[in-house]
Each structure stands twice: as C-alpha cells, then as structure tokens.
Amino acid sequence: MKGNSVVLFCVLPLVLGQEKTFSWDGPGNTLAPDPINPCLTDQSSCGCCLMQKKKWELEQYLNSSMNVLDDLLARAQNTMRNIRDSRVAFSVGLTDKRRCIGPLRAATNVVYQSIFINIGEAYNSSTGVFTVPRSGVYNLAFTVFSDAGSPGASLAVCASIRRNGVALAALREIYDQDQEDQATGVLLVQLSTGDRITISLQAGCWICDDQNHYNTFSGFLLYATE
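Keep in mind that what you see is a predicted model, and the values were worked out from it rather than measured.

Visitor: Any details on the overall build of the chain? Residues and values, ideally.
Guide: In terms of regular secondary structure, the chain is built from two helices and 13 strands. Every one of the 226 residues in the chain was classed for burial, and the buried ones make up 31%. In the chain, the share of contacts with a sequence separation of at least 24, taken over all contacts with a separation of at least 6, comes to 69%. Accessible surface computed for the chain: about 14,300 Å², of which carbon and sulfur atoms make up 56%.

Visitor: Can you tell me about unusual backbone geometry, naming the residues and giving the values?
Guide: Excluding glycine, residues mostly carry a negative phi; peptide bonds, for their part, are mostly trans. The phi dihedral of glutamate 121 is positive, around 55°, even though this residue is not glycine. Judged by relative accessible area, which is 64%, glutamate 121 ranks as exposed. Notably, asparagine 164 is not glycine yet its phi reads approximately 55°, a positive angle. Looking at where asparagine 164 falls in the secondary structure, it is placed in the loop between β8 (155-163) and β9 (166-175).

Visitor: With reference to specific residues and values, describe the packing of aromatic side chains.
Guide: Under the criterion given, the structure shown has seven aromatic pairs. When the centroid spacing of 4.9 Å and the interplanar angle of 80° are considered together, the rings of phenylalanine 90 and phenylalanine 217 count as edge-to-face. Placement of the pair is phenylalanine 90 in strand β1 (residues 89-93) and phenylalanine 217 in strand β13 (residues 216-224), with a sequence separation of 127 residues. Judged by relative accessible area, phenylalanine 90 falls into the buried class, the value being 2%. Overall, the relative accessible area of 0% leaves phenylalanine 217 in the buried class. Where tyrosine 112 meets phenylalanine 217, the ring centres are 5.7 Å apart and the plane angle is 45°; that geometry is what we call tilted. Of this pair, tyrosine 112 sits in the loop between β3 (108-109) and β4 (114-119) while phenylalanine 217 sits in strand β13, and the two are 105 residues apart along the sequence. Of the two residues examined, tyrosine 112 and phenylalanine 217, each falls in the buried class. Through a chain of ring-to-ring contacts, three or more aromatic side chains come together here, namely Phe90, Tyr112, Tyr123, Phe130, Tyr138 and Phe217.

How each quantity is defined
- Residues numbered from 1 in each chain as written.
- Predicted model: local features only at pLDDT ≥ 70, side-chain atom pairs only at ≥ 80, totals over all residues.
- Heavy atoms only, no water.
- Helix = DSSP H or I, 4+ residues; strand = E, 2+ residues; numbered from the N terminus.
- Buried < 20%, exposed > 50% of the residue type's maximum accessible area, 1.4 Å probe, protein only.
- Contact = heavy atoms within 4.5 Å.
- Areas by Shrake-Rupley, 256 points an atom, 1.4 Å probe, with all protein chains shown as cover.
- Phe/Tyr/Trp six-rings, centres within 6.5 Å; stacked < 30°, edge-to-face > 60°.

This is how it looks when you write it as structure tokens:
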C-alpha cells in the first residue's frame, strides 16, 4: 500500500502539470491555441467569443436586410417602368385659325391639328387617328361646334366617334333656331392594342373653329388590362 501511494504522488504532479486546450465542441477535441482567433480555443476568452457571435449575427441580419431592400427596390423600379409605359394621354383642337369643314357629300375623318398634349405619341396629327398603344379602359371625349353663318340659317352639327370604322357614340344637332351650337360626348370604353379611334364628320354637316378651340378630341388610359 505504501508503494502504491508513492507511485500515485509521483504521477499526480505530472498529470497536473500538463496544459490542455479544448474546443467549444467538448473535451474530446483538443486544439492548438489560435493566435488569430483565440475565441475558438481559449475558454477564458468567452467574452470575446460572445462578441464575435453577436458581430456575426449582426452581419447576417444586415446582409439579409440589404437583400430584402434590394428586392423591394427592384420591384419599385419595375412598377415605375410599368407606370411610365402606361402613360397614354392626348388632347387636340381642330385648328388655331378660323376654319370650317363641310358640308361634304360623304362622311370624313376629322383631322385635329392643334396639339395640347400627346403623351405616348399615339395621336397622329396628319391622319387624325388615335392608335391604341396598350390594351385597357380609356376615357374618350369629343366636342363639336358649328356656326350657321347668320341668324335663321340652317345649322347642322353632327359627328361620331368610331373604333376601327364602327361608331361608338354620335352627336347630332340639325335645326334653324340657333346660329351656333355645340355638343360634347364622353365615354369609357375598353380598347385593344392597335385599335384606331377617329372622329367622323357626317355627310351634310359641318364644324367651324378658330383660335378658341371649340372643337376638341381627347383621351387617356384609365388603367391597363394586359
């Protein structure tokens, strides 16, 4: 028994004298001290390790937030592009000087040459045709004005708004009680890309205008359907 005690006391200093390092995964793994990142091997650096962990979590959160913001920005930019592409509006007058059209033997398209606004360049001032650039619901309006020339003379102001040659709505005033008369039509209609919208002056009727722009034709895209 005495001999065993001597051996135990001789071995114990050797065991206690050994320095061991452990990883945070458990005592089964022994790692050499890391001079660059002691948090991985030195348990006495627990505070540093905690700071490193919080720093990593913060970086992950910031990266995730930046990715979300980038996605939201891309969506907003795409929405703005769609809004810009959807901007369609025009408003035109017949002329800037004294002028009358008609009466004619056959119906004819009215060519409005005084442009107030033409966003999207869908109205052609050479032909009087508004070509629908994008399918959707449109607001269309037209006003016609005529002057009989003298009191008691016959007055005939009549025109229609047409889609691809087919009338959508019409205005008609024929009598001899007024020297001048004016009428306006407004409608909402669903149109398709490529549809041609025109104002047609009917046979036997006439319209007159000057710099005051009594005769107008306007339209804009309310919302797209494609």
